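Single-letter residue listing:
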Amino acid sequence: MKELEIEALVDNLDAVLGFVDAQLEEIGCPPKIQMQIDLAVEEIFVNIANYAYQPETGNAVLRVETDAERQTVTITFIDRGVPYDPLAREDPDITQSAEERQIGGLGVFLVKQTMDDVRYVYRDGMNILTVCKSVAAREGQD
Amino acid sequence: MTINQKKNGSLLTLAIEGRIDTKTAPELEKALEGALDGITELVFDFAEVSYISSAGLRVLLKAQKQMNKQGEMRILHANEDVTEIFEVTGFNEILTIE
């Protein structure tokens with residue numbers, strides 16, 4: 001398990017992705033799955049940066065656990081900002097027309113669509129969001 | 001991300017290279033602001049786009065809403081991964097992806 005504690009600022013997104021990607025590369029994660037994980041990490045980290053501590057700033061902790069045998073990656077995001085369960089938000093209606101579609105609300109939806117498992121818990125003053133993804137190369141994915 | 005912009009009468013083509021993410025999407029939004037006056041055909045060439053997140057989708061949705069009032073908008077050459085993002089968000093139904 002590797003951990004990164006970093007100020008939750010959009011400007012730190014590249015550093016966060018660099019930290020995650022380094023570990024994905026170590027276990028030979030297929031590029032397509034790496035892109036999906038990067039996407040989930042971006043959406044979650046940016047949400048923390050934009051909302052958790054407003055108008056102040058604060059830190060976010062990322063824990064990356066890779067399981068080479070089971071070919072899974074588990075990433076935990078922790079912040080001490082306002083309690084916020086992103087999974088409680090209603091999914092956007094993706095059958096609406098462009099005119100009806102709202103700008104926004106897509107980030108968490110993308111996380112739910114691309115990760116195998118997403119869990120949220122508020123504990124001891126911390127928002128803890130965990131995503132899990134299989135990194136096993138499957139047919140048609142590389 | 002780099003944006004190569006080409007205007008030909010009422011046709012505006014934006015060939016984009018790189019990642020359209022939280023950090024770069026505002027640049028694309030800015031490039032579109034004011035550039036759509038008198039445009040009836042807006043084309044995004046996505047051949048060199050490697051990644052798009054919700055921040056990029058928001059900019060595309062905003063552009064689509066604008067173009068619905070004044071003409072048409074098309075997205076060309078999106079790669080498989082980007083196309084999948086359009087599909088899981090239902091954007092393939094509201095954008096014209098060729």
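The structure we're discussing is the one just above.
What counts as what
Residues numbered from 1 in each chain as written. Chains lettered and ligands numbered in written order. Predicted model: local features only at pLDDT ≥ 70, side-chain atom pairs only at ≥ 80, totals over all residues. Helix = DSSP H or I, 4+ residues; strand = E, 2+ residues; numbered from the N terminus. Rg over C-alpha atoms; globule rule 2.2 N^0.38 Å. Buried ≥ 20, exposed ≤ 12 C-beta atoms within 10 Å, placed from the backbone. Contact = placed C-beta atoms within 7 Å. Pairing = 2+ DSSP bridges. Right-handed = clockwise from strand over helix to strand, strands pointing away. Axes fitted to C-alpha atoms, helices over the stretch in contact; angles between N-to-C directions.

Q: Sorry, what's going on with the overall build of chain A here?
A: Counting secondary structure elements, chain A contains three helices and five strands. Order of helices (α) and strands (β) in chain A, N terminus to C terminus: β-α-α-β-β-α-β-β. A globule of 142 residues ought to have a C-alpha radius of gyration of about 14 Å, and chain A, at 15 Å, matches this closely. A principal-axis box enclosing the C-alpha atoms of chain A has dimensions of 40 × 40 × 25 Å. Residues classed as buried in chain A amount to 31% of the 142 residues present. Sequence-distant contacts in chain A: of pairs separated by 6 or more residues, those separated by 24 or more amount to 68%.

Q: Sorry if this is basic, but what is going on with the overall build of chain B here?
A: In terms of regular secondary structure, chain B is built from four helices and four strands. Helices and strands appear in chain B in the N-to-C order β-β-α-β-α-β-α-α. Relative to the compact-globule value of 13 Å for 98 residues, chain B shows a C-alpha radius of gyration of 12 Å, a close match. Expressed as lengths along the three principal axes of its C-alpha atoms, the size of chain B is roughly 30 × 25 × 20 Å. Taken over 98 residues, chain B has a buried fraction of 39%. Across chain B, contacts joining residues at least 24 apart in sequence account for 69% of those joining residues at least 6 apart.

Q: Hey, could you run me through the pairing of strand 2 (residues 11-20) of chain B in this one?
A: Residue and element names in this part refer to chain B. Bridge analysis of strand 1 (residues 2-8) against strand 2 gives seven bridges, and the strand direction is antiparallel. Residue pairing across strands places Asn8 opposite Leu11, the latter belonging to strand 2. Across nine bridges, strand 2 lies against strand 3 (residues 41-52) in parallel orientation. When the sheet's bridge partners are listed, Ile20 is paired in strand 3 with Ile52. Handedness of the crossover joining strand 2 and strand 3 through helix 1 (residues 25-32): right-handed.

Q: So what exactly am I meant to see when it comes to the sheet that holds strand 3 of chain B here?
A: The strands that make up a sheet are held in pairs by hydrogen bonds between backbone atoms, and each pair lies either parallel or antiparallel. All names here are of chain B. Judged by pairing direction, the sheet is mixed, and its four strands sit side by side in the order 1-2-3-4 without closing on themselves. At either end of the open sheet lies a strand with only one pairing partner, and these are strand 1 and strand 4 (72-76). Taking each pair of neighbouring strands and ignoring which way they run, the sheet shows an average axis angle of 15°. By the bridge criterion, five bridges tie strand 3 to strand 4 in an arrangement that is parallel. By the bridge assignment, Leu42 is partnered in strand 4 with Met73.

Q: Explanation requested: the environment of Val41 of chain A in the structure shown.
A: All names here are of chain A. Looking at the secondary structure, you find Val41 in helix 2 (residues 31-52). Here Val41 falls in the buried class, since 23 other C-beta atoms lie within 10 Å of it. Beyond its immediate stretch of four places on either side in the chain, Val41 contacts Val16, Leu17, Val20 and Ile75.

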